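# Structural overview for review
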Amino acid sequence: RFDVEAETWTIHEVADGIYPHTLRFDAKGRIWYTMAASNHIGMFDPETGEQQHLRLPARTWMQAIILRTMPYLLKIGNYIDIRGSAAEGDGVKMPVPYGIDIAPDGGVWFSQLNAHKIGRIDPESFEVELVETPFSAPRRLRFDSKGRLWIPGFSSGVVSRFDPETKAFETWDVPIEPLGSETPYALHVDHSSDTVWICGTNSDTLIRFQP
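Quick look at the structure, then. Residue positions within a chain follow its written sequence, with the count starting from 1. Local features in this predicted model are restricted to residues whose pLDDT is 70 or higher, and side-chain atom pairs enter the listing and the counts only when it is 80 or higher, whereas totals over whole chains, interfaces and linings include all residues. Hydrogens are left out, water is left out, and the side-chain values use all remaining heavy atoms of the structure.

Let's shift gears to the side chain of Arg142. The secondary structure listing takes helices from DSSP runs of H or I that are at least 4 residues long and strands from runs of E that are at least 2 residues long, numbered from the N terminus. Relative to the helices and strands, Arg142 resides in strand 11 (residues 142-143). Here Asp101 takes part through its side chain, which lies 3.1 Å from a polar atom of the side chain of Arg142. One polar contact links Arg142 to His188, side chain to side chain, over a distance of 3.2 Å. Apart from residues lying up to four places away in sequence, Arg142 is in contact with Arg24, Asp101, Arg148, Leu149, Trp150, Leu187, His188 and Val189. Polar contacts, as used here, are pairs of N or O atoms within 3.5 Å; protein pairs need one atom able to donate a hydrogen and one able to accept it. Residues neighboring in sequence count only if both atoms are side-chain atoms. Two residues qualify as a contact provided that any one of their heavy atoms is within 4.5 Å of a heavy atom in the partner residue.

Printed below as a string of structure tokens:
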């Protein structure tokens, strides 16, 4: 936390999980954030100092084992150089919770990049609901003024709108030539018009989509 008036810093250690990533405030002033390397969603209350961490579902038992042993592997790496062994393996794709945003009803929505899923967390009960996306690599997502969720498909070159009420997706190709070569990484919605602004990460552009 950076206090802009006093120009002072406060660093809060994360109680559980690895690699805090995207963060958003809810209406109660709590910070919700993804933890990309350990498949967690975290909540931090700046007023009370309370922290809550929720481990998200993994796709396979192998992923679940690796995610739970990750902290120990990192500690071993402080004493033994395992970079060569890691590079020589075929690798396992982790779920990677990435983007996160707060819905108008207070629900916490997130993306799992490699799992091709989005999900909702009830902010009070911490119950999780997962939804499969009809495109690959959902990344940094945001809500529009009508409570619809806009999602960039990073490796699929699309932008998608998801209706939490009907669970329906509507998807558009990002029009960069050759088609499918764009890698939309993040987007933001201008709530005054619901215009969607997208990072054209692979084309070095800013892309405006008027729904």
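When a residue's accessible area, from a 1.4 Å probe over protein chains only, is under 20% of the maximum for its type it is buried; when over 50% it is exposed; and in between it is partly exposed. Burial analysis of strand 5 (residues 40-44) places five of its five residues in the buried class, the great majority of the element. Any two strands between which DSSP finds at least two bridges are classified as paired. Where strand 4 (residues 31-35) and strand 5 come together, five bridges link them in antiparallel fashion. Note that in strand 5 the partner of Met35 across the bridge is His40. Once strand 4 ends, the chain turns through four residues before running back antiparallel as strand 5, passing Asn39 with a positive phi of about 65 degrees. From the end of strand 5 to the start of strand 6 (residues 51-55), which pair antiparallel, there are six residues, and Gly49 there has a positive phi angle of about 80 degrees.

Turning to unusual backbone geometry, a few remarks are in order. Following Glu177, the chain continues to Pro178 via a peptide bond in cis, the omega torsion being -5 degrees. Of note in this structure, Glu7 is not a glycine but carries a positive phi near 55 degrees. Among the secondary structure elements, Glu7 is positioned in the loop between strand 1 (2-3) and strand 2 (8-9). Even without being glycine, His116 reaches a positive phi, approximately 55 degrees. Residue placement: His116 occurs in the loop between strand 8 (108-112) and strand 9 (117-121).

Note on aromatic pairs: the rings of Phe, Tyr and Trp (six-membered ring only in Trp) are paired at centre separations within 6.5 Å, and the planes decide the class, stacked below 30 degrees, edge-to-face beyond 60, tilted for the rest. Under the counting rule described, the total for this entry stands at ten aromatic pairs. Judged by centre distance (6.2 Å) and plane angle (85 degrees), the ring pair of Phe135 and Phe169 falls under edge-to-face. Taken as a pair, Phe135 in the loop between strand 10 (128-132) and strand 11 and Phe169 in strand 14 (residues 168-173) lie far apart in primary sequence, 34 residues in all. Its relative accessible area of 8% is what places Phe135 among the buried residues. A centroid spacing of 5.6 Å and a plane angle of 20 degrees characterise the contact between Trp150 and Trp172, whose relative ring orientation is stacked. Here the residue Trp150 occupies a position in strand 12 (residues 149-153), and Trp172 occupies one in strand 14, the gap between them amounting to 22 residues. The buried category is assigned to Trp150, whose relative accessible area is 0%. Residue classification places Trp172 among the partly exposed residues on the basis of a relative accessible area of 23%. Among the aromatic residues, those joined into a ring-pair cluster are Trp109, Phe135, Phe162 and Phe169.

That's the geometry; what it means functionally is another story.
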